[in-house]
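Chain by chain, the residues run as shown.
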Amino acid sequence: MASRLPDAAGLEKECREIHDACSQPRRLGLLLAPRCPSERQQIRATYRATFGEDLGAAMQRTVMANQENEVISFFQLCKLLYLWTLEPADRDAIMAREAIDGGMTVAGYRTLVEVFTRRKQNQLFFTKQAYLARFRRNLEQDMVTEPSHPYQRARSDIIVSWWFEQLLVALATSHKSHHDELSQHIAKCDARRLYDTKNSGAGSVVDEAVVLEMFSKRSIPQLRLAFCSYKHIYGHDYSKASKLNNLLALKQNGSGEFQESLRVVVKCIYSPSKYYSKLLQRSMPCASQDKRLVTRAILGSDDVGIDEIKTVFKSSYGRNLADFIHESLPETDYRDFLVAVARGSTTS
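Now for a quick tour of the structure. All residue numbers here refer to positions counted from 1 along the written sequence of the relevant chain. Only residues with pLDDT of at least 70 are given local features in this predicted model, and only at 80 or more are side-chain atom pairs given and counted; all residues enter the totals for whole chains, interfaces and linings. The side-chain figures draw on all heavy atoms in the structure; neither hydrogens nor water molecules are used.

1. Brief notes about unusual backbone geometry
Glycine aside, negative phi is the norm for most residues, and most peptide bonds take the trans geometry. Despite not being glycine, arginine 136 shows a phi value in the positive range, around 55°. Secondary structure elements follow DSSP: runs of H or I of four or more residues count as helices, runs of E of two or more count as strands, with numbering from the N terminus. Relative to the elements of secondary structure, arginine 136 occurs in the loop between α8 (121-135) and α9 (139-145). Relative accessibility under 20% of the residue-type maximum defines a buried residue, over 50% an exposed one, and the middle range a partly exposed one, all with a 1.4 Å probe and only protein chains included. Judged by relative accessible area, arginine 136 falls into the exposed class, the value being 66%.

Structure below.
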């Protein structure tokens, strides 16, 4: 998509408006909401050249200044705008750390899956570097060795499937293959392996070892191609097959943890626009209790592309996304920012 930003002089003027609005989150939100990631990148560069500091640093001060603000939605808007103004790598690093600090709940693992499946190898490298620079820790090691690991806790509400962790480790390994060219032949072979591993005998379920090996040896784009081939050959999404296998596993041994964990990962890889559309649809009704879910939904949608998300949301739920958000949330500056993001630019 062609940039909708003005020329150099106009861009500097817009950055001065943004600078003046840094202590006014509502005004700042309405200025930045229509801007896609590439446009915000240009704004960050011009802001840095004009004022000698990062826009994210300016917003971080606003967050710190409003930590004790009695209007919770106002503080939440400040936090969301801070993430909105950051480089993608820094944003992902912060979200990953919050997921790990939160005790590695199911929601935390899903956050990490979202980070690992929507980034290319070179982008994920910068995320790991940002994580190391900010927290002096290794992201991949923290995913499995953080002291707040669920095995060390007794509360059943935060215990996460061991298989989710294994899938995450496999995904982290898969990024080493991102330089490989896509192969239709390999995709078809993998699709058949996925089919065979759940149909090798009467009442059989997915062979975890086969899936983990495949995930660790294929790039994310190659896995996406395999899932596309699966649907082309067998006439249904692999995520639907995983759902059936989950029910079968529950019936056979009382546990469908691997199948359920796998389904989340497959949906993230195979159709990000559908995944984030559903996340938006789920997150708005419970936004007052779970702002992190809203943050994951809106930032993930921004990465995929708001225009694409709007189209898929309309197709899936028969609703305009901006109208849905407007009707789902109480009237606050936080809601108005989300609505402005969903509407995008009138010239897009």
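2. Observations regarding the nonpolar core
Put simply, buried Ala, Val, Leu, Ile, Met, Phe, Trp, Tyr and Cys residues joined by side-chain atoms within 4.5 Å make one nonpolar core. If you look at the biggest cluster of nonpolar residues, it comprises 90 residues, and the most contacted ones within it are Phe215, Phe337 and Leu338. Whether two residues are in contact is decided by their heavy atoms: any pair within 4.5 Å suffices. Excluding anything up to four places from it in sequence, leucine 338 contacts Leu80, Met284, Val294, Ile298, Ile325 and Leu329.

3. Regarding helix α17 (residues 291-304)
Helix span, expected: 1.5 Å multiplied by one less than the number of residues in the helix. Between its first and last C-alpha atoms α17 spans 20 Å; for 14 residues at 1.5 Å apiece the expected length is 20 Å, and the two agree. In terms of burial, α17 is largely enclosed, as 11 of its 14 residues are buried. All buried positions along α17 are accounted for by Lys291, Leu293, Val294, Thr295, Arg296, Ala297, Ile298, Leu299, Gly300, Ser301 and Asp302. Positive phi appears at glycine 305, one or two residues downstream of α17, with a value of about 125°.

4. Focus on the packing of aromatic side chains
A pair of aromatic rings is counted whenever rings of Phe, Tyr or Trp (Trp by its six-membered ring) have centres within 6.5 Å, and the orientation is called stacked for planes under 30 degrees apart, edge-to-face for over 60 and tilted otherwise. As enumerated under the stated definition, the model contains 13 aromatic pairs in all. Measuring from centroid to centroid gives 5.9 Å for phenylalanine 227 and tyrosine 238, while their planes differ by 10°, and the two rings are stacked. Residue phenylalanine 227 is found in helix α13 (residues 220-234), and its partner tyrosine 238 is found in helix α14 (residues 238-253); the two are separated by 11 residues along the sequence. Both residues of the pair, phenylalanine 227 and tyrosine 238, count as buried. Each member of the aromatic cluster is reached from another via a ring pair, and the members are Tyr195, Phe215, Phe227, Tyr230, Tyr234 and Tyr238. Geometrically, a lysine NZ or arginine CZ counts as sitting over a ring once it is within 6 Å of the ring centre and also within 35 degrees of the ring normal. When the ring centre of tyrosine 334 is taken as reference, the NZ or CZ atom of lysine 291 above it lies at 5.1 Å.

5. A look at the side chain of serine 239
With respect to the element layout, serine 239 can be found in helix α14. Those residues in contact with serine 239, other than ones at most four positions away along the chain, are Arg263, Val266 and Lys267.

6. Regarding the packing of helix α16 (residues 272-283) against α17
At their nearest, the axes of α16 and α17 sit 9 Å apart, and the two run at 150° to each other. The angle between α16 and α17 falls in the class roughly antiparallel. Viewed along their axes, α16 and α17 form a crossing whose handedness is left-handed. Every residue of α17 that contacts α16 at Pro272, Ser273, Tyr275, Tyr276, Leu279, Leu280, Arg282 and Ser283 is listed here: Leu293, Val294, Arg296, Ala297, Ile298, Gly300, Ser301 and Val304. We call Asp, Glu, Lys and Arg charged. Ala, Val, Leu, Ile, Met, Phe, Trp, Tyr, Cys and Pro are nonpolar, and the rest, Gly among them, are polar. Residue composition of the contact of α16 with α17, grouped by class: 10 nonpolar, 4 polar and 2 charged. Under this scheme, a helix contributes an axis fitted over its contacting stretch, all axes are lines through C-alpha atoms, and angles between N-to-C directions fall in the 0 to 180 degree range. Roughly parallel refers to an angle under 35 degrees, roughly antiparallel to one over 145, roughly perpendicular to one between 65 and 115, and oblique to any angle outside these ranges. By convention, the crossing between two helices is left-handed when the near helix turns anticlockwise from the far helix through less than a right angle, and right-handed when the turn is clockwise.

7. Quick look at the pattern of salt bridges
By convention in these notes, a salt bridge is any Lys or Arg side-chain nitrogen within 4 Å of a carboxyl oxygen on Asp or Glu. By the definition in use, this model includes 31 salt bridges. Between arginine 26 and aspartate 333 there is a salt bridge, with its nearest N and O atoms 3.0 Å apart. Within this pair, whereas arginine 26 is found in helix α2 (residues 25-32), its partner aspartate 333 is found in helix α20 (residues 333-343), the two being separated by 307 residues in sequence. When its relative accessible area of 38% is taken as the criterion, arginine 26 is described as partly exposed. For aspartate 336, the salt bridge goes to arginine 335, with nearest N and O atoms at 3.3 Å. Given the relative accessible area of 18%, aspartate 336 is considered buried. Taken together, the shared-partner salt bridges in this structure form one network comprising Arg40, Arg91, Asp92, Arg118, Arg119, Asp302 and Asp303.

8. Quick look at the environment of lysine 217
With respect to the element layout, lysine 217 can be found in helix α12 (residues 208-217). The spatial distance from the C-alpha of lysine 217 to the C-alpha of threonine 173 is 7.3 Å, given a sequence separation of 44 residues.

9. Some words on the packing of helix α10 (residues 162-174) against helix α15 (residues 257-270)
Axis separation between α10 and α15 bottoms out at 8 Å; the angle between their running directions is 35°. For α10 against α15, the interelement crossing comes out right-handed. Contact with α10, carried on its side by Trp163, Phe164, Leu167 and Leu171, involves Glu257, Phe258, Ser261, Leu262, Val264, Val265 and Ile269 of α15 and no other residues of that element. Across the contact of α10 with α15, the residue classes tally to 9 nonpolar, 1 polar and 1 charged.

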